[in-house]
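Close look at the chain arrangement
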Amino acid sequence: MAIATSTASSPLGRPACEKDAKALQFIEEMTRNVDSVQEKVLAEILSRNDNAEYLQRFKLRGGTDRNTFKSKVPVVTYEEIQPDIQRIANGDRSPIFSSHPISEFLTSSGTSAGERKLMPTIEEELDRRQLLYSLLMPVMNLYVPGLDKGKGLYFLFIKAETKTPGGLLARPVLTSYYKSDQFKTRPYDPYNVYTSPNEAILCVDSFQSMYTQMLCGLLMREQVLRVGAVFASGLLRAIRFLQLNWQQLAKDIAYGTLNTRVSDPSIKECTSKILKPNPELAEFVIKECEGQNWEGIITRIWPNTKYLDVIVTGAMAQYIHTLDYYSGGLPKACTMYASSECYFGLNLNPMCRPSEVSYTIMPNMCYCEFIPHDPINPATISPDSPPRLVDLADVEMGREYELVITTYAGLCRYRVGDILQVTGFHNSAPQFKFIRRKNVLLSIDSDKTDEAELQKAVENATQILRPHDTSVVEYTSYADTKTIPGHYVIYWELLIKDPNNSPSHDVLNKCCLAMEESLNSVYRQCRVADNSIGPLEIRVVKKGTFEELMDYAISRGASINQYKAPRCVNFTPILELLDSRVISVHFSPTAPHWTPERRRLQL
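Summarised in this report is the structure supplied together with it. All figures in this text were calculated on a predicted structure; none of them were measured in a lab.

The next thing to look at is the sheet that holds strand 14 (residues 400–406). Within the open sheet, the 8 strands sit side by side as 9-10-11-16-15-14-12-13. Their pairing is antiparallel. On the outer flanks of this sheet lie strand 9 (336–338) and strand 13 (390–391), each paired with one strand and no other. Running over the sheet, helix 2 (residues 34–48) touches strand 12 (367–372), strand 14 and strand 16 (429–437) and is turned about 110 degrees from strand 12.

Next up, the structure:
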C-alpha cells in the first residue's frame, strides 16, 4: 500500500503512520524558534495570571515582557513559597498563584521537615502532560519498527493519596495521571497497548497490583515487545517479585485459577476473561524460574522484547549493570524528562546508550531559565546577590545549569533543583543531560536523602548508644543496589569507652530502625507501602578505618588541610577498604512507622 503524502520523511525520520507524522511535525515546529515560543509562553502565563496575588505583589502592572518579569519577580525555592502553599492547602480558594482554580496538589520529594512537597496544579496541566506523552511513541517508532504488532509489559502503580485540611487531593503526579480520564479512557492506539489491565494499575494494594500485572505479562508473553517501569528500580522490583512468587503464578496458569490473595473484584472480573488452564505455559514458567540462573530472564520469558523502557539517568544509573544481567544487555530507552512541577521534554534518540541520554526541552511546556552552575563554587542566592539567569535559547554547549521554571499553574521563577548539562541542539532547542538532583546524597527509588537529613538520622540513632557510653566517631554511606530492593548502608566507626558495657547486637539493630524513623516520609513510604527499599544496614568498622580512608584520599591528591570524610561513597576501592574493616553487621528489625494520612501540615 502506498504511503500517504502526510507520512513523508520528516527531519527526524520517516514516520510510521499519519498520526506520527503530525506529532513529529509538531516537534519540529516547536524546536525551530525556541526563543519566540518561550517569549509567547511567558506572556501568556503572565497575562492569564495577572490577577493572581503572587504576581501582584511585584507590581508588574500588566507587563508581560521578559525584562519587566526578570527585574521584578525574584527567584525562589520551595521553602520561600511554603506559606502561600499552606494557605491553599488549608482551604484558601482565592487566586494566590493562578487565575485558574488549583485542582489538586502533586507531591514531590521530601522537604527538610520530612513531608513531601506540595506542588499546586490546575486542571489543564493534565492536557499538557498528555501532549508530551503523545510524542513519545512517534519518536520511538522511528527507531524500533513493528511496535504496533504487539504489546508493552509495563509495571505501573498508583500510590497513596491524601487530602489537605482544605479538602484538596495530594498525590504523586503519576497517580494523578493514571487516575485521570486521559489515561483511563485513552483511545485505542496499536502502538501503545499494555498487557496490564487498568484495574490492576489502579489497585492501591501493591501485591495485588504487581501479581496481576506479572500474571498478565506471563499469559501474553509472546506478544510482549517492550518491558518497562517508570524507574529502573521498579523493573528490578518486578523481577524480584517473580523470583519470590513464580510457583504460585505457575499454579494459577496451570489451573486457570487466581491467587486468593488477589481479592479486588474488578481485577478478578477482568482476569477471568483471559485466565484459562494452560499447563504448557505453567511448565515453561517453572522450567525458567526454578533454577539459580536468572541471567537473561527477561528475554528468556519474553523472547520478543526489543528494549527496556525505564529511566536509567541520575540516581537510576546505578542499576544499569543489574538490568544488563537480567535482560541480556537489551537497549534501555529513557524517553522523557519530567517532574512533579512540570513535564519538560523528550529524548529524540531513545535507543542511545544510557551514558549518552539527552533530553530536548519542549519550549511550549513552561518558561525556562537557567542558573549557571559551577560544581566547585555553587551559586548562592540572596536579595543582595541575585543570580544571572540565562534563557533557554542562550545556554552554552558543555555548560552546567540549574533549572528554574515559570509554569501555567503559577509557579514563578522556581528552582526545581535539577542540575543539567548542555550536550547539543535539535534545531534551536537545547538538549540536556541530567546530571543530578541538587544536594541529594542517597537515593534508591523515588526517595532523596540529603546530607543534613542523614546527619540528623545518625544523631538520633546515637542517642540509643549513650547508656552504653558509646559514640559514633565517624560515618559514611552508600546506596547498595546489588540487593533487590536496594537499601541504605551506613558505615560507623564507634568509640566504646567501657568494653564491659558495649552495645549489643540488638541495640545496634535498634539504631538502624532509629535512623529509618528519622528519614523523610518518601523514604518510609518506599520501605513500608511500596517495598521498593530494603531495611537499612549499619556496618560497624574497626577503629582507625576512617584514618585509613583519609590516608587513601591524600595518596590520591587530596589536601590534608581540606580533607573531610565523605558522607557518601561509591568508588569501588573505597568501598572495598571499608568492607575489609567491617566487624559487625546490623539491620532494622522492623519497618519504620508510615501512614498515608498526612500529619497536620506544618510547611
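This brings us to the sheet that holds strand 22 (residues 582–587). The strands that make up a sheet are held in pairs by hydrogen bonds between backbone atoms, and each pair lies either parallel or antiparallel. The sheet built from 4 strands is open, its strands ordered 19-20-21-22 with mixed pairing. One side of each edge strand has no neighbouring strand; the edge strands of this open sheet are strand 19 (470–480) and strand 22. Ignoring strand direction, the axes of neighbouring strands in this sheet form an average angle of 25 degrees. Pairing of strand 20 (residues 487–496) with strand 21 (residues 537–541), which is carried by 5 bridges, proceeds in the parallel orientation.

Taken as a whole and judged by the stated rule, the model has 34 salt bridges. The partner of Asp-84 in a salt bridge is Arg-57, and the shortest N-O contact between them spans 2.6 Å. With Asp-84 in helix 5 (residues 78–89) and Arg-57 in the loop between helix 3 (53–56) and helix 4 (66–72), this residue pair connects regions lying 27 residues apart in the sequence. You can call Arg-57 partly exposed: its relative accessible area is 36%. For the salt bridge of Glu-222 with Arg-221, the shortest nitrogen-to-oxygen distance reads 3.8 Å. Arg-221 sits in the buried class, given a relative accessible area of 14%.

On to the nonpolar core. Counting residues in each nonpolar core, the largest one holds 165 residues, and the members touching the most others are Leu-242, Trp-492 and Met-515. Top element by residues in this core is helix 11 (residues 232–255). It accounts for 12 residues. Setting aside chain neighbours within four positions, we find Met-515 in contact with Leu-454, Ala-457, Val-458, Ala-461, Ile-490, Trp-492, Leu-536 and Ile-538. Tyr-491, Val-569, Ile-574 and Leu-575 belong to the second largest nonpolar core, which has 11 residues in total.

Moving on, we get to the packing of helix 11 against helix 15 (residues 320–327). Helix-helix packing is described using two parameters, namely the angle between the two axes and the distance between the axes. At their nearest, the axes of helix 11 and helix 15 sit 10 Å apart, and the two run at 45 degrees to each other. One finds that helix 11 runs oblique with respect to helix 15. For the crossing formed where helix 11 meets helix 15, the hand is left-handed. When helix 11 is examined against helix 15, the residues Ala-232, Leu-235, Leu-236, Ile-239 and Gln-243 are found in contact with a partner set consisting of Thr-322, Leu-323 and Tyr-326. A class-by-class count of the residues in the contact of helix 11 with helix 15 yields 6 nonpolar, 2 polar and no charged.

All right, on to the packing of aromatic side chains then. For the coordinates displayed, the defined rule picks out 20 aromatic pairs. Summarising the aromatic geometry, the rings of Tyr-154 and Tyr-194 are spaced 5.2 Å apart at their centres and angled 50 degrees between planes, so their arrangement reads as tilted. With a gap of 40 residues between them, Tyr-154 in strand 3 (residues 151–155) and Tyr-194 in the loop between helix 8 (181–184) and helix 9 (198–201) connect regions that are remote in the sequence. Judged by its relative accessible area of 7%, Tyr-154 is buried. Ring-pair connections join several aromatic residues into one group, and the members of that group are Tyr-133, Tyr-177, Tyr-178, Phe-183 and Tyr-343. Above the ring of Tyr-408, the side-chain terminus of Arg-128 is found at 3.8 Å from the ring centroid. Positioned over the ring face of Tyr-343 is Arg-129, at 5.8 Å from the centre of the ring.

Calculation notes
- Residues numbered from 1 in each chain as written.
- Predicted model: local features only at pLDDT ≥ 70, side-chain atom pairs only at ≥ 80, totals over all residues.
- Heavy atoms only, no water.
- Pairing = 2+ DSSP bridges.
- Helix = DSSP H or I, 4+ residues; strand = E, 2+ residues; numbered from the N terminus.
- Contact = heavy atoms within 4.5 Å.
- Axes fitted to C-alpha atoms, helices over the stretch in contact; angles between N-to-C directions.
- Salt bridge = Lys/Arg side-chain N within 4 Å of Asp/Glu carboxyl O.
- Buried < 20%, exposed > 50% of the residue type's maximum accessible area, 1.4 Å probe, protein only.
- Core = buried A, V, L, I, M, F, W, Y, C linked by side-chain atoms within 4.5 Å.
- Parallel < 35°, antiparallel > 145°, perpendicular 65-115°, else oblique.
- Left-handed = near helix turned anticlockwise from the far one by under 90°.
- Nonpolar A, V, L, I, M, F, W, Y, C, P; charged D, E, K, R; others polar.
- Phe/Tyr/Trp six-rings, centres within 6.5 Å; stacked < 30°, edge-to-face > 60°.
- Lys NZ or Arg CZ within 6 Å of the ring centre and 35° of its normal.

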